[in-house]
Amino acid sequence: MAGHQAHQAQQAQQTLHVGGEWREAVSRATREILDPADAKPFAVVAEGDERDADAAVAAARHAFDTGEWPRTPVAERAALLRRVADLLVRDREELGLLESRDAGKTLEEGRIDIDCVADAFRYFADLVVGEGGGRVVDAGSADVHSVVVHEPVGVCALITPWNYPLLQASWKIAPALAAGNTFVVKPSEITPLTTIALMRLLAEAGLPAGVANLVTGPGHTVGARLAEHPDVDLVSFTGGLVSGTKVARAAAESVKKVALELGGKNPNVVFADACATDEDFDTAVDQALNAAFIHSGQVCSAGSRLIVEESVRERFVAELARRAGRIRLGRGTEDGVECGPLVSEGQREKTEAYVASALAEGAVLRAGGRRPEPSAERPATGYFYEPTVLDQCHREMKVVREEVFGPVLTVETFRTEDEAVALANDTEYGLAGAVWTTDAGRARRVAGRLRHGTVWINDFHPYLPQAEWGGFGKSGVGRELGPAGLAEYRETKHVYQNLAPKPVRWFAGRPQ
């Protein structure tokens, strides 16, 4: 029995996937993965460092330069992506539960995430199969064949966040593979488990050894090394602004391609006419709750800034606060739980600090603002924090300017359409935003004026794999999903063929 337990412990530590082999870290260091609902460890993973990152990049480099994957026909690459999607559907319950325990979200959210991951793999499979063989360019001569083609960029470093571990990984891995690249993925050290599981599914689907590599470990060691590594051709990073700027600086030294998704401070603009009937009012309030508190607000596109027309503010905020106070907090795997814990104690402390600063600056607490009382479904050791509504906020407040990444909703008011747009755009970020109105003309005008990468009209949060995702300003550079999401993982090449070559005679006359 003791020998069996020792074998299990050793297997648990072999979570680095390099060159088709599972291995432990060079240093043999490990990290316990905590369940945020009770702060108890439930898994152990290897804690890699720069040496492990170097080994993974070498494996990816070898697989790209000498392996078969970059030269595999598009139809075969697409077929593999579809097999991965089928395996994700097969393992939906297991993976959804793992995502729920690892990230703290509800089990239903975990299941939906797996569905979206499968959709991403299928979308990019369909996209590459549907393309032609290049864009023919008319050179003005029948003796010239000129075509623009797209080729894989090479070795990709994919650095993913903790809030949507598998979903964000899939938005990078699926297009990278569809384009014919090899990669090294570094999941968040807090929530790596479903990305590890995906590596096993890729191997089961038949992906050649060395194409997909994974290193678990901290950002300041593994992530930093991947960003600066001279043999990496592209780095795609999703995470916070501070870390993203460090990635960009490191990548600049070797002039590699960079894609950054760095979060947002997203406005949800509600005009009075969107509350004219009881049904409209109920919908707008319900959607404001969803915008702010899904996954405890730990969403890059969370509608954390409610900007509501002054004439309906008091009624709207009162009902919003009442409903926020009734949200059922608890372990995400428990039936009936609507909102889980924050991902870590550090994230909860950060949230508490933002709320404290807001109250000190004059905000009015309408709901939440504290840790809930412990219960059977809310262990005292868990990282729970009540959904919080802060009224009478203004742009100078830290909580309005900076991304909290917690269950905190701020309320600002406006009187005119111009004022609403100005408030919504008054942010250094520009990821997403929404406008609520029954006036179709106003909806189109406001959507057109908002400086955000995604704008919803009378909705919040839906996305489509066919539509690009990304932001303006400090929300990042580049796009994920859609055709542009695939283009990030490609280089463009112009091939010009002279079908009837002859001397130019620019520098010399005819031969003597």
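Residues numbered from 1 in each chain as written. Predicted model: local features only at pLDDT ≥ 70, side-chain atom pairs only at ≥ 80, totals over all residues. Heavy atoms only, no water.

Q: Explanation requested: the UniProt feature "domain: Aldehyde dehydrogenase" (unreviewed entry) in the chain in the structure shown.
A: Mapped onto this numbering, the UniProt entry annotates "domain: Aldehyde dehydrogenase" (unreviewed entry) at residues 22–495. Summarising residues 22–495: 40% helix, 19% strand, and an end-to-end C-alpha distance of 41 Å. (UniProt positions renumbered as here; feature names shortened; annotations may be inferred. Helix = DSSP H or I, 4+ residues; strand = E, 2+ residues; numbered from the N terminus.)

Q: Looking at this model, I keep getting lost on helix 14 (residues 417–425). Mind explaining?
A: For an α-helix, the turn length of 3.6 residues means that residues three or four places apart are oriented alike. For helix 14, every residue scored as buried is listed here: E417, A420, V421, L423 and A424. Viewed along the axis of helix 14, the buried residues span an arc of 165°, placing them on a single side of the element. Residues of helix 14 that are buried make contact with strand 12 (267–270), strand 13 (305–309), strand 16 (408–414) and helix 15 (440–449). (Buried < 20%, exposed > 50% of the residue type's maximum accessible area, 1.4 Å probe, protein only. Arc of directions from axis to C-beta. Contact = heavy atoms within 4.5 Å.)

Q: How do you make sense of the sheet that holds strand 6 (residues 144–152) when you look at a structure like this?
A: The strands that make up a sheet pair up through hydrogen bonds in the backbone, lying either parallel or antiparallel. The sheet built from three strands is open, its strands ordered 5-6-20 with antiparallel pairing. At either margin of the open sheet sits one strand with a lone partner, and together these are strand 5 (135–136) and strand 20 (490–498). Sheet analysis places strand 5 next to strand 6, joined by two bridges and oriented antiparallel. Counted as the bridge partner of R135 is V148 from strand 6. (Pairing = 2+ DSSP bridges.)

Q: Would you mind going over a nonpolar patch on the surface with me for this structure?
A: Among the surface-exposed residues, V504, W506 and F507 lie close enough to one another that they form a single nonpolar patch of about 500 Å² accessible area. Note that W506 resides in the segment after strand 20. The exposure class assigned to W506 is exposed, which follows from its relative accessible area of 68%. (Patch = residues over 30% accessible without salt bridge, like charges linked within 9 Å, V, L, I, M, F, W, Y side chains within 5 Å. Areas by Shrake-Rupley, 256 points an atom, 1.4 Å probe, with all protein chains shown as cover. Salt bridge = Lys/Arg side-chain N within 4 Å of Asp/Glu carboxyl O.)

Q: Is there a simple way to think about the side chain of R313 in this case?
A: Mapped onto the secondary structure, R313 falls in helix 11 (residues 313–324). Setting aside anything within four residues of it in sequence, one finds R313 in contact with V308, R366, D391, V411 and T413.

Q: Looking at this structure, how should I read the sheet that holds strand 13?
A: Strand order in the open sheet made by the seven strands is 14-15-16-13-12-17-18, with mixed pairing throughout. Strand pairing shows two members of the sheet lacking a second neighbour, strand 14 (364–367) and strand 18 (454–457), which therefore form its edges. With strand direction ignored, the average angle separating the axes of adjacent strands in the sheet is 25°. Of the pairings in the sheet, the one linking strand 13 to strand 16 comprises five bridges and is parallel in character. Looking at the pairing, I307 lines up with E412 of strand 16. In the packing of helix 12 (residues 345–360) onto the sheet, the strands contacted are strand 14, strand 15 (388–391) and strand 16, and the crossing angle to strand 15 comes to about 25°. (Axes fitted to C-alpha atoms, helices over the stretch in contact; angles between N-to-C directions.)

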